Amino acid sequence: MNPKIIKKASNTLRVLSAAMVEKAKSGHPGGAMGGADFINVLFTEFLNFDPNDMTWENRDRFFLDPGHMSPMLYGILHLFNNYSTEDLKNFRQWKSATPGHPELCVERGVENTSGPLGQGHVFAVGAAITEKFLKARFGDWMSHNIYAFISDGGVQEEISQGGGRIAGFLGLNNLIVFYDSNDIQLSSGTDAVTNEDTARKYESWGWKVIMINGNDQDQIRNALNQGVNEKERPTLIIGKTIMGKGAKTDQNEIFERQISTHGMPLSKAGASFENTIKNLGGNPDDPFIVPDSIKDYFKEIIQKKITEAGVKKKEQATWEKSNPDLAKKLKSFYELNIPEIDFEKIEIKDGIATRAASKAVLAEFADKIENMIVASADLSNSDNTDGFLKKTTAFKKGDFSGAFLQVGVSELTMGAIANGMALHGGVIPVCGTFFVFSDYMKPAARLAALMQLPVKYVWTHDAFRVGEDGPTHQPIEQEAQIRLLEQLKNHAGNPSFLVLRPADGPETVVCWKLAVENQNTPTALLLSRQGIPNLPTEAGISRYKAALSASKGAYIVQDDEGIPDIILVGNGSEVSTLIAGAGLLREKKKLKVRVVSAPSEGLFRQQDKTYQESVLPVDIPIFGLTAGLPVTLSGLTGPKGKVFGLDHFGFSAPYTVLDEKFGFTGENVFQQAEQYLNEY
Ligand SMILES: Cc1ncc(C[n+]2csc(CCOP(=O)(O)OP(=O)(O)O)c2C)c(N)n1
């Protein structure tokens, strides 16, 4: 080990970071320049990965939390040949490989999308749980560590409370987090907003905390060694670092620890770019040039990593030979294969709540899907994820043989942990809470959508029919909000989210089938608290078979012969209310009525035009009923349609009273539809 070359490598990272931001004329050089020493020592001396095979499943994982420090990450990955000089020069440009904040790209070494501070390091908690879960099933040979990098912003974000508590509680000794503590944030010093004793906070959660000079390679190495050898606790390394380390002014004076270098090119921040580059040993005329000595150093490191990964891969091959069945299972875990499940055989009593139907499905999954991990934010007996829990055990420190995570009351943490599980790979994360609290999870759900992670959300108590708990617990606008993600395309060009609100027990089973089959985006199930009668079917067809058409997003549940006079559309329990209204329209008005269940408009819009037109023709009056905001259904009813929904918060009362007061009855459907037809 040559301390001089290691120092030079850190300075090269600083030069590259400053140069990328300078060329892009935007970005964040200061933090990256401060964190460079840690990143350098971590990637060269500790992080186990195969530079020739970045997606190797047993690699250590590195999760960056402050995405604004991306130049530091691109810089180190450039030295490992994962990004070209051109890539660095195109930092923040259209369709470049180096977006302003890193976007998931495991092939190049970016393990997570980061930017919204706080989430990145909690992804690491999810990944660390997953490593323990897999090791409990396949053995210690697959051990690997999960590293994360956080900054003042990530520590201040509330989500760090949940991640820190859970990691300490579960004794995640495979988790090593570096806190880049440079005392400076975007608009002020940290002393303007906090006087907490962060070390004691983490210690109280059960972490091992090590305080170091975060720009001193020996101290970094020593702390990382302690973290790797820790047997009981997660490790937090608090590294005091220097913002903008190495920056100089026109007069060649030191320009470090300046708030201005947080978020703008050095030349705009008051430093001299040229003098800084010179000071750090770079070439101001072409700062993207990497010195030959550093290139040679990295050649050696790359070779070493390939050799070390090769040894581990050999160990794996030996294990696979002596454990062929387990090896097959492990492969299938990573492929996220779903075993054969006879969904139709799952016993669903007539008239149960859709959350109860989900409970029965989850009980089946507990028996069949061995790599499913279900979590709940202290609501398992209400969101009915306890159907799964009853057949397994919750994770405990030292015992990851079960498959349930009791997250406690921390929904955003749960969402980020689920993302981390999916990012790690090998498991299928599911998380449950009340639908109204999806608001607390939205930032994590959004990143799941952006990263195309197949996380499943069980969001129960899906409407004002929560009843007596009142408006704080009654979702109204939430369905419209989450369905916006069905309209938003991911970078693969597909709807970024699948939202399913099933209309009865059998349709819930079908929706769960769709959810586990969907590996390309997150899926949410919106489920009722109250019982719902099973929808009618044509003679001789089981309700399950009929509900299989839910895979088209919307389908005809009930239809009269000939062209309908009116189509009634809705989802969830409103469909059975529409069935009641349809009966009255036939009886009192002799109308031909069609009733459509539309569990997912997003899915429906992916069907061919002929199918869409066959279910909801444009030239027939369409009436929608929703327990949410009317806009929830307006896409389906079209410009000439009418939606009856709620445009106000709910109230505390028994839900049957609310149904009457708010007009969610067959009788009111009849009246509203009649009035609509008169005005049509
Ligand atoms: C959730 C969230 N809120 C706000 C921001 C905007 N933001 C980016 S960096 C930053 C300050 C972070 O300071 P620190 O973490 O100390 O980074 P450093 O200044 O050391 O680079 C803020 C507020 C963000 N990215 N994410």
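So, here is what we can say about the structure in this document.

Examining the site of the ligand
Inference 1: Near the ligand lie 16 residues; those nearest to it are H68, S151, G153, N182 and H262.
Inference 2: A distance of 2.6 Å is found between an oxygen atom of the ligand and a side-chain nitrogen or oxygen belonging to S151.
Inference 3: A distance of 2.6 Å is found between an oxygen atom of the ligand and a side-chain nitrogen or oxygen belonging to N182.
Inference 4: Its residues assigned to classes, the shell around the ligand comprises 6 nonpolar, 8 polar and 2 charged.

What about the layout of surface pockets?
Inference 1: Taken as a whole, the largest pocket holds about 490 Å³ of empty space.
Inference 2: Lining of the largest pocket is provided by 21 residues; of these, V106, A422, L423, H424 and G425 occupy positions nearest its centre.
Inference 3: By residue number, the principal contributor to the lining of the largest pocket is helix α16 (residues 411-424), which donates 3 residues.
Inference 4: Considered class by class, the residues forming the lining of the largest pocket number 10 nonpolar, 6 polar and 5 charged.

Things to note about the packing of helix α17 (residues 438-451) against helix α18 (residues 478-487)
Inference 1: Axis separation between α17 and α18 bottoms out at 11 Å; the angle between their running directions is 5 degrees. With respect to α18, the element α17 is oriented roughly parallel. Counted together, S438, D439 and K442 of α17 and Q478, Q481, I482 and L485 of α18 form the full contact between these two elements.
Inference 2: A per-class count over the contact of α17 with α18 returns 2 nonpolar, 3 polar and 2 charged.

A closer look at unusual backbone geometry
Inference 1: Residue N81 is not a glycine yet carries a positive backbone phi of 70 degrees.
Inference 2: Here N81 is to be found in the loop between α3 (70-79) and α4 (85-89).
Inference 3: Residue class for N81 comes out exposed when judged on its relative accessible area of 62%.
Inference 4: Within the chain, H461 stands out as a residue other than glycine whose phi angle is a positive 55 degrees.
Inference 5: For H461, the location among the structural elements is in the loop between β9 (456-460) and α18.

Focus: the sheet that holds strand β1 (residues 61-64)
Inference 1: Taken in spatial order, the 5 strands make up an open sheet running β1-β2-β3-β5-β4, and their pairing is parallel. What marks the edges here is a single partner per strand, and that holds for β1 and β4 (208-213). Averaged over all adjacent pairs, the angle separating strand axes in this sheet is 20 degrees, with direction ignored.
Inference 2: By the bridge criterion, 6 bridges tie strand β2 (residues 146-151) to strand β3 (residues 175-181) in an arrangement that is parallel. Looking at the pairing, F149 lines up with F178 of β3.

Section: the packing of helix α21 (residues 574-589) against helix α26 (residues 666-679)
Geometry of a packed helix pair, given as the angle between the helix axes and the separation of the axes.
Inference 1: At a minimum axis separation of 7 Å, α21 and α26 run at an interaxial angle of 60 degrees. In this view, α21 runs oblique relative to α26, as classed from their interaxial angle. Between α21 and α26 the crossing geometry is right-handed. Touching T577, L578, A580, G581, L584, L585, K588 and K589 of α21 are G666, E667, V669, F670, A673 and E674, all from α26.
Inference 2: Grouping the amino acids of the contact of α21 with α26 by side-chain chemistry returns 7 nonpolar, 3 polar and 4 charged.

A closer look at the environment of I277
Inference 1: Within the secondary structure layout, I277 lies in helix α11 (residues 273-279).
Inference 2: Take I277: its relative accessible area is 0%, and that puts it in the buried class.
Inference 3: Sequence-distant contacts of I277, defined by excluding residues within four places in its chain, comprise V15, A18, G282, N283, P284 and P287.

Some remarks on the nonpolar core
Inference 1: Core analysis: the largest hydrophobic core is formed by 149 residues, its most contacted members being I129, L175, F365, Y457, F497, W512 and L568.
Inference 2: Apart from residues no more than four positions distant in its own chain, F497 is found in contact with A445, A449, Y457, W459, I482, L485, E486, T521, P522, T523 and A524.
Inference 3: Within the second largest apolar cluster, 61 residues are counted, among which are A18, M33, F43 and F288.

Some thoughts on empty space enclosed by the protein
Inference 1: Under the counting rule described, the total for this entry stands at 6 cavities of 30 Å³ or more.
Inference 2: Lining of the largest cavity is provided by F43, L47, F49, M54, R59, D60, R61, F62, L77, V106, G109 and E111.
Inference 3: When its residues are assigned to classes, the lining of the largest cavity shows 7 nonpolar, 1 polar and 4 charged.

Here is what the cut-offs are and how they apply
Residues numbered from 1 in each chain as written. Predicted model: local features only at pLDDT ≥ 70, side-chain atom pairs only at ≥ 80, totals over all residues. Heavy atoms only, no water. Near = heavy atom within 4 Å. Polar contact = N/O pair within 3.5 Å; in protein donor to acceptor, adjacent residues only side chain to side chain. Nonpolar A, V, L, I, M, F, W, Y, C, P; charged D, E, K, R; others polar. 1 Å grid on protein atoms, 1.4 Å probe; cavity = no way out; pocket = protein on both sides within 12 Å on 5 of 7 lines; lining within 4 Å. Points joined across faces, edges and corners; volume = space filled by probe spheres on them. Helix = DSSP H or I, 4+ residues; strand = E, 2+ residues; numbered from the N terminus. Axes fitted to C-alpha atoms, helices over the stretch in contact; angles between N-to-C directions. Parallel < 35°, antiparallel > 145°, perpendicular 65-115°, else oblique. Contact = heavy atoms within 4.5 Å. Buried < 20%, exposed > 50% of the residue type's maximum accessible area, 1.4 Å probe, protein only. Pairing = 2+ DSSP bridges. Left-handed = near helix turned anticlockwise from the far one by under 90°. Core = buried A, V, L, I, M, F, W, Y, C linked by side-chain atoms within 4.5 Å.

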